[in-house]
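# Topology and contacts: notes
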Amino acid sequence: MTPHTDLGKVAIITGANSNLGICIGKRLMDSISPDTRLTIIVSSRTLPRAKEALKTLKEYALKRHLQRPALIEFDYILFDFNNMVSVTGASHELNKRYRHIDYFFANSAFGLFDGIDWVMAAKECSTNLMQAVTDPSYKKQIIGGTTRDGMGSVFQANVFGPWFMLNEIIPLMKNGGKFIWISSLLSDPTRVDFTDIELVKNSKSYEGSKRLIDLLHEATYQRLLNQHGIQSYLVHPGIFRSSSFAQFLNIFTYYGMIMMFYIARFLGSPWHVIDAYVAANAVIWAATKATPETVDQSYKYGSACDWSGKEYVKTEAFDSSKKEIVEEYVEKKRFEWKQKLKNQID
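In this report, we go over the structure that sits alongside the text. Keep in mind that what you see is a predicted model, and the values were worked out from it rather than measured.

Looking now at the pairing of strand S4 (residues 103-106). Regular strands have side chains that alternate between both faces of the sheet. Burial of the side chains of S4 extends over both faces: Tyr103 and Phe105 are buried on one face and Phe104 and Ala106 on the other. Direction of pairing for strand S1 (residues 9-13) relative to S4: parallel, over a ladder of three bridges. Residue pairing for S4: isoleucine 13 is matched across the bridge by phenylalanine 105. Across four bridges, the pairing between S4 and strand S7 (residues 178-182) is parallel. Its bridge partner being in S7, tyrosine 103 is matched across the sheet by lysine 178.

The following block contains the structure:
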């Protein structure tokens, strides 16, 4: 494919099939100037899923942006963050296909979810509703997941894979590109045991991976800016309707969960944004409005709303202790994989 030479904006969205991924694409279309050419690249592990995401985004563009003076174009790239050969191949393809990438949305949300402890769920919902719909203890996760590459699968998919890819496409993003880490409200320090950085023995590996994202961002954002002119921002989407856990719910429990989200919001929670489009607010704000001159990159920025649903971006400080341990571990592994993969691409 001929490299793109137009000086418009180019964005890649990982996890583009998810509710949040789709809404990141929609909000980006709504936020970029109509006079600016926009290319959205969706990533997926499979072609049918990529086509599904493209179809949804194209329909939205035709419905909302048909009269837009500048073009909106769509592209896709297939790869799996849990396969380093695949990640390397995709990075090489991006470097061949594009002259620049302006936005990299690291929206990886891989988790080893294994259902619901319904007894615990009933108890928690009846005794501590806010806990039940914010940081539930009844969601079960599989312990011990690893990939064929020999890494913890959640660690590789959500932390290492995106970081490796970013470093492979630095030439496309230098001098103005923005890398948006999508973390979680639940990424607190208790989620990670530093003797198990790859989260293999962790019963909360998904939340642990988001904690590692926080620390990796904190350890590297200044270096990315100083050495490459790449801006890194850390955001989270709040709590919203997500397809990732819907498979474990029936129609009654699903709508019961949504009702409890509204109750939590009415009771004062700023994080129960519910709508995935609102959940993408902080993500697109960081991409299109934040700058190092106006925003402190050491903070996390969350999608929030008031009791009526009016959206805003909420700033959060967080504990960044032991960030150097995470950076050292991930960088050592990145250089190891660079050596392993150096002959994979001609």
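Below, the discussion takes up unusual backbone geometry. The phi torsion at asparagine 175 lies on the positive side, around 60 degrees, for a residue other than glycine. The residue asparagine 175 is located in the loop between helix H7 (170-173) and S7 in this model.

A few words on helix H2 (residues 47-64). An α-helical turn contains 3.6 residues, so any two residues separated by three or four positions project in the same direction. Spanning 18 residues, H2 covers 26 Å between terminal C-alpha atoms, matching the ideal 26 Å at 1.5 Å per step. Among all positions in H2, only Ala50, Ala53, Leu54, Leu57, Tyr60 and Ala61 are buried. One face of H2 carries all of its buried residues, which in axial projection span an arc of 125 degrees. Exposed residues lying more than 90 degrees from the buried face of H2 are Pro48, Lys51, Lys55, Leu62 and Lys63. Of the surrounding secondary structure, the elements contacted by the buried residues of H2 are helix H1 (19-31), strand S2 (38-44), strand S3 (72-78) and helix H10 (276-279).

Across the sheet, eight strands lie side by side as S3-S2-S1-S4-S7-S8-S11-S12; this open sheet has mixed pairing. The outermost strands of the open sheet, each flanked by one partner alone, are S3 and strand S12 (311-316). Averaged over all adjacent pairs, the angle separating strand axes in this sheet is 25 degrees, with direction ignored. The strands touched by H1 are S1, S2, S3, S4, S7 and S12; relative to S2, the strand with the most contacts, the crossing angle is about 175 degrees. Sheet strands in contact with H2 are S2 and S3, and its direction is about 170 degrees off that of S3.

On to the side chain of lysine 300. Relative to the helices and strands, lysine 300 is located in strand S11 (residues 300-305). In this structure lysine 300 comes out as buried when scored by relative accessible area, which is 5%. Polar side-chain contacts of lysine 300 include one of 3.5 Å to the side chain of serine 183. Looking at lysine 300, its side chain comes within polar contact range of the side chain of aspartate 214, at 2.9 Å. Setting aside chain neighbours within four positions, we find lysine 300 in contact with Ser183, Ser184, Ser187, Asp214, Leu234, Val235, His236, Lys314, Thr315, Glu316 and Phe318.

Within the structure shown, the criterion is met by nine aromatic pairs. Seen in terms of ring centroids, phenylalanine 79 and phenylalanine 81 are 4.9 Å apart; in terms of plane orientation they differ by 75 degrees. Their pairing is edge-to-face. Using a relative accessible area of 6% as the deciding quantity, one classes phenylalanine 79 as buried. In this structure an aromatic cluster arises from ring pairing among Phe155, Phe160, Phe164 and Tyr329. When the ring centre of phenylalanine 335 is taken as reference, the NZ or CZ atom of arginine 334 above it lies at 4.6 Å.

With 19 residues, helix H12 (residues 323-341) extends 27 Å from end C-alpha to end C-alpha; this agrees with the ideal 27 Å at 1.5 Å per step. Of the surrounding secondary structure, the elements contacted by the buried residues of H12 are helix H3 (84-97), helix H6 (153-168) and helix H8 (205-228).

Next up on the list: the state of the cysteines. One pass over the full model with this rule turns up zero disulfides. The thiol of cysteine 23 is not disulfide-bonded; the next cysteine sulfur, from cysteine 305, is found 14 Å away. Cysteine 305 gets classed as buried once you look at its relative accessible area, which sits at 1%.

Residues Leu94 and Phe155 are the most contacted members of the largest nonpolar core, which totals 43 residues. Elements supplying a minimum of two residues to this core: S1, H3, S4, H6, H7, S7, H8 and H12. Ranked by residues supplied to this core, first place goes to H6 with eight residues. The contacts of phenylalanine 155, once residues within four sequence positions are left out, are Phe160, Ile197, Glu198, Leu199, Leu212, Tyr329, Val330 and Lys333. Counting residues in hydrophobic clusters, the runner-up holds 40 residues, among them Ile40, Tyr103, Ile182 and Ile284.

Moving on to the packing of H1 against helix H11 (residues 281-288). Contact geometry for H1 and H11: axes closest at 9 Å, N-to-C directions at 45 degrees. One way to sum up the angle between H1 and H11 is to call them oblique. Between H1 and H11 lies a crossing of right-handed hand. On H11, the residues that touch Ile24, Arg27, Leu28 and Ser31 of H1 are Asn281, Val283, Ile284 and Thr288.

What follows concerns the pattern of salt bridges. Taken as a whole, this structure holds 14 salt bridges when the rule is applied. With a closest N to O distance of 2.9 Å, lysine 300 and aspartate 214 form a salt bridge. With lysine 300 in strand S11 and aspartate 214 in helix H8, the pair connects residues that are 86 residues apart, well separated along the chain. Given a relative accessible area of 0%, aspartate 214 falls into the buried group. Each of Asp75, Glu93, Lys96 and Arg97 takes part in salt bridges that share partners, so that together they form one network.

Conventions adopted
- Residues numbered from 1 in each chain as written.
- Predicted model: local features only at pLDDT ≥ 70, side-chain atom pairs only at ≥ 80, totals over all residues.
- Heavy atoms only, no water.
- Buried < 20%, exposed > 50% of the residue type's maximum accessible area, 1.4 Å probe, protein only.
- Helix = DSSP H or I, 4+ residues; strand = E, 2+ residues; numbered from the N terminus.
- Pairing = 2+ DSSP bridges.
- Expected span 1.5 Å × (residues − 1).
- Arc of directions from axis to C-beta.
- Contact = heavy atoms within 4.5 Å.
- Axes fitted to C-alpha atoms, helices over the stretch in contact; angles between N-to-C directions.
- Polar contact = N/O pair within 3.5 Å; in protein donor to acceptor, adjacent residues only side chain to side chain.
- Phe/Tyr/Trp six-rings, centres within 6.5 Å; stacked < 30°, edge-to-face > 60°.
- Lys NZ or Arg CZ within 6 Å of the ring centre and 35° of its normal.
- Disulfide = S-S within 2.5 Å.
- Core = buried A, V, L, I, M, F, W, Y, C linked by side-chain atoms within 4.5 Å.
- Parallel < 35°, antiparallel > 145°, perpendicular 65-115°, else oblique.
- Left-handed = near helix turned anticlockwise from the far one by under 90°.
- Salt bridge = Lys/Arg side-chain N within 4 Å of Asp/Glu carboxyl O.

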